[in-house]
Amino acid sequence: FPVTISFSGGEISPSLYARTDVNKYYTSLKTMRNFYTMRHGGAENRPGTQFICEVKDSTKETRLVPFVFSRTVSYVLEFGDLCMRVIKNGVLQTLASQNITAITNANPCVVTYAGSDTYTNGDQVQIAGIVGPIGNFLNSRTFRVANVNTTANTFELQYLDGTNVNSTGFGAYTSGGTVAEIYQLTTPYAHTDLVGLKFAQSGDVLTIVHPSYEPRELNRTGDTNWTLSLLNFNFNLGPNISSITQNGTTGSTVYNYALTAFDVGTGEETLITGGSVVNGNATLSVTNNISIVYSAFSAAYDGQYVYNVYRMVNGVYGFIGVGGDSGSFIDTGLPADTTDTPPTLQELFQAANDYPSYVTFYQQRRVFGNSNNDPEKIWMSRPGLFNNFSKSQPVQEDDTVQFVLAGKLFSRIHHVFDLGRLIVLTESGEWAINGDDSGAVTPTRINAKQYSYNGSDPNLSPIVIGNSALYVQSRGSIIRDLNFQADQDGYGGTDITIFSAHLVDGFKIIDWAYQQAPHSVVWIVRNDGTLLGCTYLKDQQMLAWHRHDTHGGSFLNVCTIPGSQEDDVYGIVTGK
């Protein structure tokens with residue numbers, strides 16, 4: 001190799017060793033191992049790793065998921081078999097700790113603690129702060145408890161594989177130390193399904209979907225206070241018409257009324273929960289009117305809701321006015337606006353094979369895609385009303401949006417995400433949902449267009465970097481970028497692995513994450529346990545590949561979250 005003028009090309013493929021006609025030749029390396037290219041073109045050795053904790057069950061699959069509320073508040077969520085644990089600032093979160101008062105030198109080791117909290121056989125605990133030689137073996141470790149004696153406040157220690165801790169050679173316990181139960185949230189997700197989970201975050205709420213599970217929301221209210229609940233797509237406050245009274249001369253004309261509740265803060269309107277019919281005079285007036293009497297809202301809803309009142313005309317309910325919380329509304333012959341009708345509920349995601357596989361947020365709508373029964377379909381909520389998928393008749397611009405991607409080839413949806421337009425990656429191509437002239441997507445302005453035919457991997461969500469996105473192509477070994485290209489008036493991209501194909505050919509990419517700071521590096525886990533890195537700054541034409549390993553260990557998973565000075569990289573490693 002000639003003198004390298006920078007390291008901005010990273011490690012290149014052996015097939016390019018003789019390509020002196022390519023500019024990248026002069027900025028590249030034959031091997032770049034445990035070094036990475038910095039954003040200004042220099043090279044720096046990769047820092048070491050720090051042990052955080054053992055996964056709950058190393059015999060089953062585990063997945064790390066970022067939960068980023070802000071640049072200063074972020075978590076790594078450890079999803080395991082039917083459970084979730086929480087890591088914050090490099091520390092596995094625990095419940096309140098209790099003081100240790102004694103530890104035996106025995107097989108099994110017995111711990112005595114002081115405190116009112118009790119433990120259950122199988123609970124996992126962390127031990128810290130023990131004084132004396134025995135602390136060298138137990139501090140900062142995770143164990144299982146067994147044979148709990150709540151009367152004596154004792155339990156036996158086991159390693160996570162269920163074998164007893166034999167402390168006969170650990171030395172004497174002197175004093176100090178605490179024990180704390182690891183915080184854990186029960187989930188319905190089997191470990192074999194974790195790879196198929198897809199996530200979309202909005203504030204403190206993480207939407208989770210999988211084609212075999214009902215959609216759920218994970219909500220954080222504290223470091224050790226998380227709830228997982230089913231999404232509720234039904235909205236019904238329960239307004240009911242108590243009675244309808246004809247105040248004038250009773251006639252033979254039939255009047256049919258219905259009410260909905262309208263949230264004045266959010267603009268959300270509930271469904272019709274009851275209609276009522278009354279015979280009245282053919283001509284309504286101030287003296288010949290109909291009094292609609294209804295149940296008042298409870299005090300908890302004072303000032304939050306009003307009633308929308310509808311009267312049926314030719315089989316269609318039309319808006320006639322707003323009823324407050326006084327308990328009645330007088331119809332004096334008000335015109336019914338049949339272009340403003342009450343919303344109609346759509347039964348979505350209610351049964352097996354109807355659950356969505358992918359989720360994102362776009363233009364204040366929550367977007368779902370791909371159920372087993374409708375693999376080419378997209379569902380979008382009403383703007384700002386993420387659980388509201390109602391529609392009106394005639395259709396309104398703020399109604400739910402639903403459409404099917406019909407292309408030349410079958411287009412099972414793999415990913416949906418925001419890249420200036422709603423981008424949809426399928427197994428056979430890449431689409432943009434262009435909407436109207438201003439880019440707004442509405443029920444009548446969808447404008448779906450396919451721009452390329454590469455196809456994408458179903459498991460690895462795209463990574464958005466600036467105004468570009470990276471995605472793994474079908475078959476799982478090629479990475480492509482995607483961005484808007486003005487000269488083509490559309491979206492396109494290139495294969496970013498082509499100059500370093502030896503790092504991915506014959507392998508499969510099983511996980512990846514983006515570390516924005518300090519050097520814009522995409523970390524990639526290969527199916528043989530090798531960790532690859534790619535320094536990617538498209539505006540600086542920086543594309544540099546490098547490889548990383550640990551002594552005798554293999555990477556299984558990778559995740560990044562904002563840290564105090566830079567983005568922190570977390571990984572699951574098996575072996576040493």
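Residues numbered from 1 in each chain as written. Predicted model: local features only at pLDDT ≥ 70, side-chain atom pairs only at ≥ 80, totals over all residues. Heavy atoms only, no water.

Asker: Give me the pattern of salt bridges: which residues, what numbers.
Answerer: Pairing is possible between side chains of opposite charge, provided their charged atoms come close. Within this structure, the stated rule accounts for 14 salt bridges. One salt bridge in this structure joins K60 and D81, with 3.0 Å as the shortest N-O distance. With K60 in the loop between β4 (43-45) and β5 (63-68) and D81 in the loop between β6 (74-80) and β7 (83-88), this pair connects stretches of sequence that are 21 residues apart. Its relative accessible area of 32% is what places K60 among the partly exposed residues. Among the salt bridges present, the one from D528 reaches R526, with a minimum N-O distance of 2.8 Å. Look at R526 and you get buried, because its relative accessible area is 9%. (Salt bridge = Lys/Arg side-chain N within 4 Å of Asp/Glu carboxyl O. Helix = DSSP H or I, 4+ residues; strand = E, 2+ residues; numbered from the N terminus. Buried < 20%, exposed > 50% of the residue type's maximum accessible area, 1.4 Å probe, protein only.)

Asker: Can you break down the state of the cysteines residue by residue, with the values?
Answerer: Within this structure, the stated rule accounts for zero disulfides. Not engaged in a disulfide, the cysteine C559 finds its nearest cysteine sulfur in C53; these two sulfurs lie 12 Å apart. For C559, a relative accessible area of 2% translates into the label buried. (Disulfide = S-S within 2.5 Å.)

Asker: Please give an account of the sheet that holds strand β37 (residues 479-485) that cites residues and values.
Answerer: Pairing is antiparallel in the open sheet, where four strands are placed in the order β35-β36-β37-β38. Of all the strands in the sheet, the pair left with one neighbour each is β35 (463-465) and β38 (490-492). Neighbour to neighbour, the strand axes of the sheet diverge by 25° on average, direction disregarded. Pairing of β37 with β38 involves three bridges; the strand directions are antiparallel. Counterpart to F484 in the pairing with β38 is Y491. (Pairing = 2+ DSSP bridges. Axes fitted to C-alpha atoms, helices over the stretch in contact; angles between N-to-C directions.)

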